[in-house]
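# Overview (structure and organization)
The primary structure of each chain is shown beneath.
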Amino acid sequence: MKISRRKLILGVGAAGVLAGGASVLVPMVRRDGKFVETTSRAKAVTGTEGALPKEADAVIIGGGMMGIMTAINLAERGMSVTVLEKGDIAGEQSGRAYSQIISYKTSKEIFPLHHYGKMLWRGMNEKIGADTSYRTQGRVEVPSSADDLEKSQAWVESAKVWASDFDAPLNTRFIKGDELKQRLAGAKTDWPIAGFEEDSGSVDPETGVPVLAEYAKTLGVKIFTNCAVRGIETAGGKVSDVVTEKGAIKTSHVVLTGGIWSRLFMGNLGIDIPTLNVYLSQQRVSGVPGAPRGNVHLPSGIHFREQADGTYAVAPRIFTSSVVKDSFLLGPKFLHLLGGGELPLEFSIGEDLFNSFKMATSWNLDEASPFETYRIATATQNSEHLDAVFARMKAEFPVFEQSKVVERWGAVVAPTFDELPIISEVKEYPGLVINTATVWGMTEGPASGEITADIVTGKKPVIDPAPFSLSRFS
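All values derive from a computational prediction rather than experimental measurement. (Residues numbered from 1 in each chain as written. Predicted model: local features only at pLDDT ≥ 70, side-chain atom pairs only at ≥ 80, totals over all residues. Heavy atoms only, no water.)

Structurally, phenylalanine 196 can be placed in strand E8 (residues 193–197). By relative accessible area, phenylalanine 196 is classed as buried at 6%. Each C-alpha atom, one on phenylalanine 196 and one on asparagine 171, is 8.5 Å from the other, the two residues being 25 residues apart in sequence. For phenylalanine 196, the contacting residues outside a window of four places in its chain are Gly138, Arg139, Val140, Asn171, Thr172, Arg173, Ile175, Glu179 and Arg183. (Helix = DSSP H or I, 4+ residues; strand = E, 2+ residues; numbered from the N terminus. Buried < 20%, exposed > 50% of the residue type's maximum accessible area, 1.4 Å probe, protein only. Contact = heavy atoms within 4.5 Å.)

Here the structure, examined in full by the defined rule, presents 18 aromatic pairs. Judged by centre distance (5.4 Å) and plane angle (85°), the rings of tryptophan 363 and phenylalanine 371 are edge-to-face. Taking the relative accessible area as the measure of exposure, tryptophan 363 reaches 7% and is therefore buried. In this structure, arginine 41 packs its charged tip against the face of tryptophan 409, placed 3.6 Å from the ring centre. The residue whose ring lies beneath lysine 394 is phenylalanine 390, and the NZ or CZ to ring-centre distance is 4.3 Å. (Phe/Tyr/Trp six-rings, centres within 6.5 Å; stacked < 30°, edge-to-face > 60°. Lys NZ or Arg CZ within 6 Å of the ring centre and 35° of its normal.)

Moving on, we come to the pattern of salt bridges. In this structure the tally under the stated criterion is 30 salt bridges. Arginine 41 serves as the salt-bridge partner of glutamate 407, at 2.7 Å between the closest nitrogen and oxygen. Taken as a pair, glutamate 407 in strand E22 (residues 405–413) and arginine 41 in the loop between strand E1 (35–37) and strand E2 (58–61) lie far apart in primary sequence, 366 residues in all. According to the relative accessible area criterion, glutamate 407 is partly exposed, its value standing at 22%. For arginine 41, a relative accessible area of 13% puts it in the buried group. Between arginine 375 and glutamate 245 there is a salt bridge, and its shortest N-O distance comes to 2.6 Å. Residue arginine 375 is located in the loop between helix H12 (370–373) and strand E21 (377–379), and its partner glutamate 245 is located in the loop between strand E12 (238–244) and strand E13 (247–250); the two are separated by 130 residues in the primary sequence. Each of Arg41, Glu206, Arg284, Asp309 and Glu407 takes part in one network of salt bridges that share partners. (Salt bridge = Lys/Arg side-chain N within 4 Å of Asp/Glu carboxyl O.)

Within the largest apolar cluster, 48 residues are counted, with the highest numbers of intra-cluster contacts made by Ile68, Leu74, Val81, Ile89, Trp121, Leu212 and Val221. Put simply, the parts of the chain that give this core at least two residues each are E2, helix H3 (65–76), strand E3 (81–84), helix H4 (111–122), helix H5 (124–128), helix H8 (205–218) and helix H14 (441–457). Excluding anything up to four places from it in sequence, isoleucine 68 contacts Gly63, Val83, Ile89, Val209, Leu212, Ala213 and Ile223. Counting 44 residues, the second largest nonpolar core, distinct from the first, contains Leu264, Ile273, Ala379 and Val412. (Core = buried A, V, L, I, M, F, W, Y, C linked by side-chain atoms within 4.5 Å.)

The subject of this paragraph is helix H11 (residues 351–358). Count 3.6 residues to each turn of an α-helix, and residues three or four apart come out pointing the same way. Residues of H11 that are buried include every one of Asp352, Leu353 and Ser356, and no others. The arc that holds every buried residue of H11, seen down its axis, measures 105°, which confines them to one face. For H11, the exposed residues set more than 90 degrees away from the buried face come down to Phe354 and Lys358. Of the surrounding secondary structure, the elements contacted by the buried residues of H11 are E1, strand E15 (278–285), strand E19 (319–322) and helix H10 (325–334). (Arc of directions from axis to C-beta.)

Moving on: the sheet that holds E12. In spatial order, the strands read E11-E12-E13; together these three strands make up an open sheet with antiparallel pairing. If you trace the sheet from one side to the other, it starts and ends with strand E11 (229–235) and E13, each paired once. Adjacent strand axes in the sheet meet at a mean angle of 30° when their direction is disregarded. The pairing of E12 with E13 spans four bridges and is classified as antiparallel. Bridging from a neighbouring strand, valine 243 pairs with alanine 248 of E13. (Pairing = 2+ DSSP bridges. Axes fitted to C-alpha atoms, helices over the stretch in contact; angles between N-to-C directions.)

Without other data, these values stay purely geometric and don't point to any function.
Pasting the structure below:
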């Protein structure tokens, strides 16, 4: 993952400049992409029938990748676990991800989550006895410049040391010549060298989490869909109940895996989660004979990943920061992340701004919450961006001229300003743990789920969670 890419995915747009008091505003234009209610594109998961349980050892708020993997890890340790999802399993972020499973060029703090996550993914299908769609396929990334190549080579040397803490060594090297030509079959450009992450993988987002959720049910995990959590109650200074639209569940352990909704949920508890939403667009196109296999990232703005069914996920990697109320509140904290790169960031001001002022930010537990209004929501797609990346793909690989668009969709991620996820206890609410704010959910999910379960059960975490602590924002 390039540093510039991480900066761009975290861009707060022109609102950040506004909040910082800049005298000259970055031009804002209306772009395709706004926050709307939608339907899930993930494989349907049937929820548990009947009434909510009166109690559970642990309650998970959110049925995406982080929630399901946390539930699996806790259930495997003998705990009774209930997952509460306001809409459908994997209905939002986890069903709309690009879903490459990689560690290449991640930071020292993030690398353990990705490297260990890849290890866990490689054994996942065998472990659960079902096909999640995971495939180890290899990933080629061509450097954008001589300087980028030098930095990439330095990263590989550092990552070899970081990987020594695990049973699996770093499996990334540089390729050229015939080997690179074979990986980029049919490319018109004679690319000289590329980083090759041999053990990178791929998961189809519409399949991965639903299959894992079905496995969780075999472990006894109860999953309730269309059941929004309004908040939590405490007794004796500790978490005691989770209050939902359908009643309350007694518990001493709660894990929030709410993705883009975590900031709103915690805000109602008086806890600030400094995240901002960023929009992106994705698509699938049909496979064609002779097309390059695996996962490809080219500096010419071409990014695609082969899916298990033979289609290709194609991402324009152009991000839109839609100006909303939180942009003004958090803009100054994100300002240091603004600045160029090889990937464009566009700013948008429109309906989202006005709608953000209308959304409730506080409510009583006997009142309907925003989570009951937005069962499944995401950003609309930007067809202009999607058309452009597909055109670049066909120009570089003429074989894709025969390929057709199968599906398109929009997505939202909600990163922190320091680019790290939050995997942490909440000191103000003993018994509450947060696992959220990742932009690499499918890669990090298996590792972060295990770490979260370690925190809940008091076991020494497999990876030190200190860099991901909520207290770092104090």
